[in-house]
Amino acid sequence: MILAKSDGTSLQQHINDCLAIWHEMQKAVPKLPVVSQLPEFWRVLFAAVYIHDFGKAQCEFQRVLQSRANTWCRQRHELYSVPFADKFVLPDHLHFLLKRVVLGHHRDFLQLYREKYKNPDILEFEKGVKWSERAAHPEDYIYNLRTGFDQELVQVIEQFDVVARCYGIDLNFSNTVRFVSQPHPYLEIAGKHQDIDPADTEFLQNMLLLGALKLCDHYGSAGVARLPLLEDDHFTFLEKMRDNLAAQKADFYEHQNACARSNQNCLLVAPTGSGKTEAALMWLRRQMSEQGRIFYVLPFTASINAMHQRLCKHMDPGAGDFSDIIGLQHGNVPSYLASVWTETPNATIHQRNARIRTWKQQLSRMQHPLKVVTPFQLLKYFYGVKGFEMGWVQFTGAKLIFDEIHAYEPETFAQIQVMLDYLIRYMDCRVMIMTATLPSFLKRILAETLKIKKSVTAEKQFLHEYTRHKIVLQEGEILTSLDQVVCEIDAGKRVILCCNTVQRSQEVYQTILERFGISETLVTLLHGRFHAQDRRKKEEQLFKDRIRLLIGTQAIEVSLDIDFDCLFTEPAPLDALFQRFGRVNRRARHTEPCSVTVFSHGSESDKYIYNMELVQRTLDVLKDVNVLNENKVQQLLDRVYPDWLPKERERYERTKTAFEHSLSSLQPFSYPKEREQDFYEKFDGIRVLPAGFWKEYKQLVENYDFIGADQLLVSIQKGMYWRLKTENQIELRHLAIFRDETKIEKHAVLVAKCLYDAGLGMTNDRQETDDDPFL
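Residues numbered from 1 in each chain as written. Predicted model: local features only at pLDDT ≥ 70, side-chain atom pairs only at ≥ 80, totals over all residues. Heavy atoms only, no water.

Asker: Explain the pattern of salt bridges here, please?
Answerer: Pairs can form between side chains of opposite charge whenever their charged atoms are close. A full pass over the atoms with the stated rule returns 42 salt bridges. Of the charged contacts in the structure, one is a salt bridge between Asp620 and Lys623, with a shortest N-O distance of 3.6 Å. Judged by its relative accessible area of 36%, Asp620 is partly exposed. Between Asp643 and Arg649 there is a salt bridge, with its nearest N and O atoms 2.8 Å apart. Look at Arg649 and you get partly exposed, because its relative accessible area is 32%. Here the residues in one salt-bridge network are Glu477, Arg504, Glu507 and Glu570, joined through shared partners. (Salt bridge = Lys/Arg side-chain N within 4 Å of Asp/Glu carboxyl O. Buried < 20%, exposed > 50% of the residue type's maximum accessible area, 1.4 Å probe, protein only.)

Structure (structure tokens):
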């Protein structure tokens, strides 16, 4: 038996496993032949899947898999798979395409040519020095082709006709194995490969065929048997919602119904709490006449987690712990999975972690037809990170929903715009963008990108009736006006108090508890410097009526679907304030507008977060507003944001130009490390361990509970990291973990010498660890 894996999997079994994914892919991504402009796409991919690992049948590689003495010399098995492409009866250009993707399905062409190719002179010299007793050098390509395969491979080749007929594929494949002469693939294919013009049809043919082969190979190796599809049955909850509304003599809002009727790209502008998520899913249902993968894009981890649970509840209610229909991807998936884990009686930590690792692996693949993601999980494929061609396959004919588009900085907005323009223009993607607060100049940019003439907006009558907030501008700052907050609590209201910085929110929280004597059970503080366990507990508390006061930062602007009675907030740009307002009287349940008080002054640190010119414009605009009429929101926004500020325009234009250039230089079969590094350098968050958790973290790691240990980490921004570094409050600590008597694994973590309190989160106060890391 010819092996494909060291675990005993045979070559024929691996081929069959990969072909199962080839079959599933035709249903999951049916537009690949259209987008690639290659009608023969599925036939060529079938051939590639069948022969991609034939090189593993080489006798020396078989000895490697069997852990026997060998002279394989770290060659690449795909090198010896390439010649089998000539056994197919195909036009020349398809032969060459087939050879390219087979040769490149593991390594970059430049790497293969520079690091693996040895010309005849080198082989002759090395043979004389090291291999003189052998008939040929172990890396003599032609000699190995002629002598390195035995008759067992013929059985796999002869099986081709049977397998092809089962899948309805008509391809002629010669059953001979011996080769008289073959050009060396490293020289003829990898060495002579030139960049392909992205405007040439050959570009997407190579990119998508290579990505599809990699997907088949990876998923076949991982034991994936099917790619689930999003079916109309997953949308039946919308019918139940409509029936419930009809029972109340109501219906979906007109902007929701307009999205349901749209069969093109869509830009929806509607207030918070007006059912934009349902509108997006109604739009999506209309687009699903033809399958394609779906991405629901949100800017923040907390909102992604909440949306994942919401979609699972509505679209896959019987899934239990884990849905194979709704997936998610962001930078801290293990902590989220641990938080939704349903405890199994007698389950050990190792069993829990093994199951979570399995979930994480599934989430990282293409298995789920609908994924809730950050935009960076999509943008990474345009930076050429490892496996980017597989991402491009998922983009083919995809449906993308962008929620909270207003939340991005100019740099991220520019990259999203360039990405969407490409996906719409070349990849046959459909896109819906939603926002509650977006200046007109940004709407024009998006409408041009989406190639639509008119956005969907809430009806004027609806906006007139949807009056929820009364704005109160107040001189002074929050810290000197906390007695007003307490009065509202005493009056039975649930209150939000929103600060611009973590430090200010912590000061307010402490003052409320110490000066006014309010019970800790009635107040909670929420910001970005809590670890996962405490954050989860606090979010759960918010949905209990016992919490009367929520003190938070801009983390509450978009991440939580909460509804309080009044708001006190520090000054911020108008779009940020509107998001904060949206957490009060969210669905207009009060008959009278609820008060939202905006103070005229914040803290000295606000200038590091917001453009103070925009903050002042916002305060000037709000002087003329008493009851906020939703009909006037767009006008107010456009007064504050008539266009880019000069510095923001420069950031936007610079990023847009750089990203367009980066995209134009992206190539299949090429993986420059600089591109991947450039992508990862764009992230601002750094995760650290508060010093007080060192002993607990160390114990968890030594017990191999890496997921539990991960939940003790806190995310900070680069600016804070460098400040702590300068003040000698950050150190890198190492742990040595003994897997067995012979194997040691190294583990490192950044420790922040900062005080952590379950109520306050991580503060700026210094705290040392209580042990010596050297000892």
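What follows picks up the thread again.
Asker: Is there a simple way to explain the nonpolar core in this structure?
Answerer: Considering soluble globular proteins, one finds that nonpolar side chains tend to be buried as a cluster. Membership of the largest hydrophobic core comes to 160 residues, with the highest contact counts inside it found for Met25, Leu45, Phe54, Trp392 and Phe402. A total of eleven residues in this core trace back to one element, the largest contributor, which is helix H11 (residues 201–222). If sequence neighbours within four positions are ignored, Phe402 has contacts with Val297, Pro375, Leu378, Ile416, Met419, Leu420, Val431, Met432, Ile433 and Met434. (Core = buried A, V, L, I, M, F, W, Y, C linked by side-chain atoms within 4.5 Å. Helix = DSSP H or I, 4+ residues; strand = E, 2+ residues; numbered from the N terminus. Contact = heavy atoms within 4.5 Å.)

Asker: Just checking my understanding: could you explain the packing of helix H23 (residues 482–490) against helix H24 (residues 502–516) for this structure?
Answerer: Any two packed helices are characterised by how steeply their axes cross, that is the angle between the axes, and by the distance between the axes. Contact geometry of H23 with H24 gives a least axis separation of 11 Å together with a crossing angle of 70 degrees. Judged on the interaxial angle alone, H24 and H23 are roughly perpendicular. Remark: the crossing between H23 and H24 carries right-handed chirality. Across from Leu482, Asp483 and Val486 in H23, the residues of H24 making contact are Val508, Thr511, Ile512 and Phe516. Considering only residue class, the contact of H23 with H24 consists of five nonpolar, one polar and one charged. (Axes fitted to C-alpha atoms, helices over the stretch in contact; angles between N-to-C directions. Parallel < 35°, antiparallel > 145°, perpendicular 65-115°, else oblique. Left-handed = near helix turned anticlockwise from the far one by under 90°. Nonpolar A, V, L, I, M, F, W, Y, C, P; charged D, E, K, R; others polar.)

Asker: Explain the layout of surface pockets here, please?
Answerer: Sizing a probe to match a water molecule and rolling it over the atoms shows the empty space that remains. Taken as a whole, the second largest pocket spans an internal volume of roughly 1200 Å³. If you go around the second largest pocket, you meet 46 residues; those closest to its centre are His106, Lys214, Lys386, Gly387 and Tyr671. Elements supplying a minimum of two residues to the lining of the second largest pocket: helix H6 (109–116), helix H10 (185–191), H11, helix H19 (388–395) and helix H31 (673–680). Split by residue class, the lining of the second largest pocket holds 14 nonpolar, 16 polar and 16 charged. (1 Å grid on protein atoms, 1.4 Å probe; cavity = no way out; pocket = protein on both sides within 12 Å on 5 of 7 lines; lining within 4 Å. Points joined across faces, edges and corners; volume = space filled by probe spheres on them.)

Asker: Just to check I follow, could you spell out the sheet that holds strand E8 (residues 469–474) for this structure?
Answerer: Strand-to-strand pairing in sheets goes through backbone hydrogen bonds, with the strands running parallel or antiparallel. The strand order across the open sheet built from seven strands is E10-E11-E9-E12-E13-E8-E14, with neighbouring strands paired in mixed fashion. Strands with a single pairing partner mark the edges of an open sheet, and in this sheet they are strand E10 (523–526) and strand E14 (627–628). As judged from the two bridges shared by E8 and E14, these two strands associate in the antiparallel manner. The residue of E14 that forms the bridge with Lys470 is Val627. Across the sheet, H23 lies against E8, strand E9 (495–498), strand E11 (549–552) and strand E12 (566–569), angled at about 160 degrees from E9, the strand it touches most. (Pairing = 2+ DSSP bridges.)

Asker: Teacher, can you tell me more about the packing of aromatic side chains here?
Answerer: The relation between two aromatic rings is expressed through the spacing of the ring centres and the mutual angle of the planes. The full count for this structure, using the stated rule, is 40 aromatic pairs. For the pair Phe160 and Phe173, a centre-to-centre distance of 5.0 Å together with 55 degrees between the ring planes defines the contact as tilted. Of this pair, Phe160 sits in helix H9 (residues 152–166) while Phe173 sits in the loop between H9 and H10, and the two are 13 residues apart along the sequence. Taken individually, Phe160 and Phe173 each receive the classification buried, so the pair is uniform in this respect. Between Tyr721 and Trp722 the ring centres are 5.0 Å apart and the planes differ by 75 degrees, which places this aromatic pair in the edge-to-face class. We classify Trp722 as exposed; its relative accessible area is 51%. Among the aromatic residues, ring-to-ring pairing joins Trp22, Phe46, Tyr50, Phe54, Phe84, Phe88, Phe149, Phe160, Tyr167 and Phe173 into one connected group. One Lys or Arg, Arg494, reaches over the ring of Phe564 and ends 4.2 Å from the middle of that ring. (Phe/Tyr/Trp six-rings, centres within 6.5 Å; stacked < 30°, edge-to-face > 60°. Lys NZ or Arg CZ within 6 Å of the ring centre and 35° of its normal.)

Asker: Help me understand the sheet that holds strand E1 (residues 266–269) in this model?
Answerer: The seven strands are arranged E3-E4-E2-E5-E6-E1-E7 in an open sheet whose pairing can be described as parallel. Each edge of the sheet is formed by a strand with only one pairing partner; in this case those strands are strand E3 (326–329) and strand E7 (456–457). Across four bridges, the pairing between strand E2 (residues 294–297) and strand E5 (residues 399–402) is parallel. Bridging from a neighbouring strand, Tyr296 pairs with Ile401 of E5. Across the sheet, helix H21 (residues 440–450) touches E1 and strand E6 (430–435), and the angle it forms with E1 is around 155 degrees.

Asker: For this particular structure, what's the right way to read the packing of helix H5 (residues 92–103) against H11?
Answerer: Axis separation between H5 and H11 bottoms out at 9 Å; the angle between their running directions is 45 degrees. As the angle between them shows, H5 and H11 are arranged oblique. Judged by the sense of rotation from one axis to the other, the crossing of H5 with H11 is right-handed. Note on element contacts: H11 touches H5 through Glu202, Gln205, Asn206, Leu209, Leu210 and Leu213, opposite Leu97, Arg100, Val101 and Val102.

Asker: Any chance you could explain helix H3 (residues 41–51) here in plain terms?
Answerer: Helical periodicity: at 3.6 residues per turn, an α-helix aligns residues three or four positions apart in one direction. Burial analysis of H3 places ten of its eleven residues in the buried class, the great majority of the element. If you check which residues of H3 are buried, you get Phe41, Trp42, Val44, Leu45, Phe46, Ala47, Ala48, Val49, Tyr50 and Ile51. Packed against the buried residues of H3 are helix H1 (11–28), helix H2 (32–36), H5, H9 and H11.

Asker: Mind showing me how you'd approach the confidence of the model for the chain here?
Answerer: Note: predicted coordinates in regions of low pLDDT should not be interpreted at a detailed level. Scored by pLDDT, the chain comes out at a mean of 89, with 92% of its residues at no less than 70. Least confident of the elements in the chain is helix H17 (residues 349–363), whose mean pLDDT is 66; most confident is E5, at 98. (pLDDT = per-residue confidence, 0-100.)

Asker: What exactly am I supposed to notice about unusual backbone geometry here?
Answerer: Note on backbone geometry: most residues besides glycine have negative phi, and most peptide bonds are trans. Positive phi values are uncommon outside glycine, yet Lys451 reaches one of about 60 degrees. Tracing the sequence through the fold places Lys451 in the loop between H21 and E7. We note that Ala588 has phi near 55 degrees; this positive angle belongs to a residue other than glycine. By the element assignment, Ala588 lies in the loop between helix H27 (574–581) and strand E13 (594–599).

Asker: Sorry if this is basic, but what is going on with the state of the cysteines here?
Answerer: A covalent bond between the sulfur atoms of two cysteines is what we call a disulfide. Under the criterion given, the structure shown has zero disulfides. There is no disulfide at Cys18, and the cysteine sulfur nearest it, in Cys216, is 6.6 Å away. Here Cys498 stays free of any disulfide, with the sulfur of Cys499 as its closest cysteine sulfur at 6.7 Å. Taking the relative accessible area as the measure of exposure, Cys498 reaches 0% and is therefore buried. (Disulfide = S-S within 2.5 Å.)

Asker: Which parts of the structure should I look at to understand the side chain of Glu630?
Answerer: One can find Glu630 in the loop between E14 and helix H29 (633–640). By relative accessible area, which is 10% here, Glu630 ends up buried. Sequence-distant contacts of Glu630, that is, excluding residues within four places in its chain, are made with Pro271, Leu463, Tyr466 and Arg468.

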